[in-house]
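This is what each chain is made of:
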Amino acid sequence: MTEPFIIRGADVAAEVYRELSASLDTFAKQGVRPGLAVVLVGDDPASKAYVASKDRKCRELGFHSIKIELPANTQLPDLLARIDQLNRDPAIHGILVQMPLPAHLDEQTVIRAIDPRKDVDGLHPVNLGKLVMEDPTGFAPCTPSGCQRMLQFAGIETTGARVVVLGRSLLVGKSIALLLVGRGPQADATVTIAHSRSRDLPALCREADILIAAVGKANFVTASFVKPGATVIDVGINRTPDPQNIGRYRLTGDVAYDEVAPLCRAITPVPGGVGVMTIAMLMANTAKACRMALGTL
Ligand code: NAP
């Protein structure tokens, strides 16, 4: 068996950023900068780190970036009022409210308050509806479109391919399945979605030419799940105790990488895989929202 192709997020993201820089030149000629507002409620360390890296990437690219940090006890009407301000701000083309929210804030109510034309996270019902309808004026959720882009980068044919997606969340599993079952060159796949009630997961997953793991359980996908020559996309980000540093944690995917990689045609690592792409696709969606606001799309 030949060595697997490691699909590194940074390499794929670099391609996305190269494409974006061309459209930034066009925006600059029109005196416009794509603007992204990220709203963080509370002080969850992982969410803070995500928000900081989104803000950093915006600045690197020359986007206009606003970071709104609100205390964990923020009440729903106050949060909705902030979102309303951002909806009406012409310098802001994209709004992302970092999830998860504190338990007293209903996430669906908050997502529905975002103007769908600025919902660059792609989770508003209007955008999910457009995803189902294959309407290109919508925003696809960032992690799923990042996975699709990684397959394209690695030259993995999706047309007619058997895809098994482990996980059925809206944010990841269900949305990836919808993207890949759609019509088009990076889609046209035959997709199965599996979840915690599915039977005999290893046998089901061994049918896959492309296996996508979005379960949220470290090292869940072992060699017995993988057909030799399959491509494996690992969406999972799990904090597991670091055996080399007692009391410290490290990031681990849903895939037992060391035993699965030798079987694969291509595989994504964790860290350095899908996570990097999520931010790249967020930037791409923000640029798209800007083009739409300018009427050039
Ligand atoms: P989620 O909402 O918790 O969904 C997990 C899914 O896995 C559910 O559909 C669940 O099935 C299924 N599942 C759980 N245990 C299972 C089992 N034993 N067998 C089969 N299916 C099982 O999580 P999520 O938001 O989709 O995220 C999944 C993972 O991706 C997490 O590690 C998350 O941190 C990571 N993630 C990464 C990125 C990134 O940028 N790389 C972005 C988002 C999420 P049921 O529906 O039956 O409960």
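The shown structure was predicted, so the numbers you read here are calculated from the model rather than taken from an experiment.

Cut-offs and rules
- Here the residue index of a chain counts from 1 through its sequence in written order.
- Side-chain atom pairs in this predicted model are given and counted only at pLDDT of 80 or more, local residue features only at pLDDT of at least 70, and totals for whole chains, interfaces and linings cover all residues.
- Based on all heavy atoms of the structure, the side-chain values leave hydrogens and waters out of the count.
- Partly exposed describes any residue whose relative accessible area lies between the buried limit of under 20% and the exposed limit of over 50%, with all areas from a 1.4 Å probe on protein chains only and scaled to the type maximum.
- Helical segments are the DSSP runs of H or I of at least four residues, strand segments are the runs of E of at least two, and each set is numbered from the N terminus.
- The contact criterion used throughout is that any non-hydrogen atoms of two residues lie within 4.5 Å.
- Here an angle of 0 to 180 degrees is reported between the N-to-C directions of two axes, which are lines fitted to C-alpha atoms, with helices fitted over the stretch in contact.
- Any angle between 65 and 115 degrees counts as roughly perpendicular, while under 35 counts as roughly parallel, over 145 as roughly antiparallel, and the rest as oblique.
- Crossings are sorted by hand: turned counterclockwise from the far helix by less than a right angle, the near helix makes the crossing left-handed, and turned clockwise it makes it right-handed.
- Polar here means any residue outside two lists: the nonpolar Ala, Val, Leu, Ile, Met, Phe, Trp, Tyr, Cys and Pro, and the charged Asp, Glu, Lys and Arg; Gly therefore counts as polar.
- The domain limits used here are those given by an automatic or database domain assignment.
- Residues forming no salt bridge and having over 30% relative accessible area are the ones grouped into patches, like charges within 9 Å of each other and nonpolar side chains (Val, Leu, Ile, Met, Phe, Trp, Tyr) within 5 Å.
- The accessible surface values rely on the Shrake-Rupley method and a 1.4 Å probe; as for residues, cover is taken only from the protein chains in view.
- One speaks of a salt bridge when a side-chain nitrogen belonging to Lys or Arg is within 4 Å of a carboxyl oxygen belonging to Asp or Glu.

Q: Explanation requested: helix H7 (residues 173-181) in the structure shown.
A: Along an α-helix, residues three or four positions apart point the same way, because every turn accommodates 3.6 residues. Turning to H7, its buried residues are Gly173, Ser175, Ile176, Ala177, Leu179 and Leu180. Packed against the buried residues of H7 are helix H5 (125-133), helix H6 (142-153), strand S5 (162-166), strand S6 (190-194) and strand S7 (210-213).

Q: I'm lost on the packing of H6 against H7 in this one. Help?
A: Contact geometry of H6 with H7 gives a least axis separation of 8 Å together with a crossing angle of 45 degrees. The pairing of H6 with H7 is recorded here as oblique in orientation. For H6 against H7, the interelement crossing comes out right-handed. Counted together, Pro144, Ser145, Cys147, Gln148 and Leu151 of H6 and Ser175, Ile176, Leu179 and Leu180 of H7 form the full contact between these two elements. Across the contact of H6 with H7, the residue classes break down as six nonpolar, three polar and no charged.

Q: Explain the domain arrangement of the chain here, please?
A: Frequently, the measure chosen for interface size is the accessible area removed from exposure when the parts meet. Split by domain assignment, the chain resolves into domain 1 (31-117) and domain 2 (142-275). Put simply, the middle of domain 1 and the middle of domain 2, counted by C-alpha atoms, are 28 Å apart.

Q: What's the story with the environment of valine 97 in this structure? I'm lost.
A: Locating valine 97 in the fold gives a position in strand S4 (residues 94-97). Relative accessible area serves as the criterion here: at 4%, valine 97 is assigned to the buried category. When the C-alpha atoms of valine 97 and isoleucine 111 are compared, they prove to be 7.7 Å apart, with 14 residues separating the residues in sequence. Sequence-distant contacts of valine 97, that is, excluding residues within four places in its chain, are made with Val39, Ile83, Val110 and Ile114.

Q: Looking at this model, I keep getting lost on a nonpolar patch on the surface. Mind explaining?
A: On the surface, Tyr50, Ile237 and Leu251 cluster together into a nonpolar patch covering about 270 Å² of accessible area. Here tyrosine 50 lies in helix H2 (residues 45-61). Residue tyrosine 50 is classed as partly exposed on the basis of its relative accessible area, which comes to 38%.

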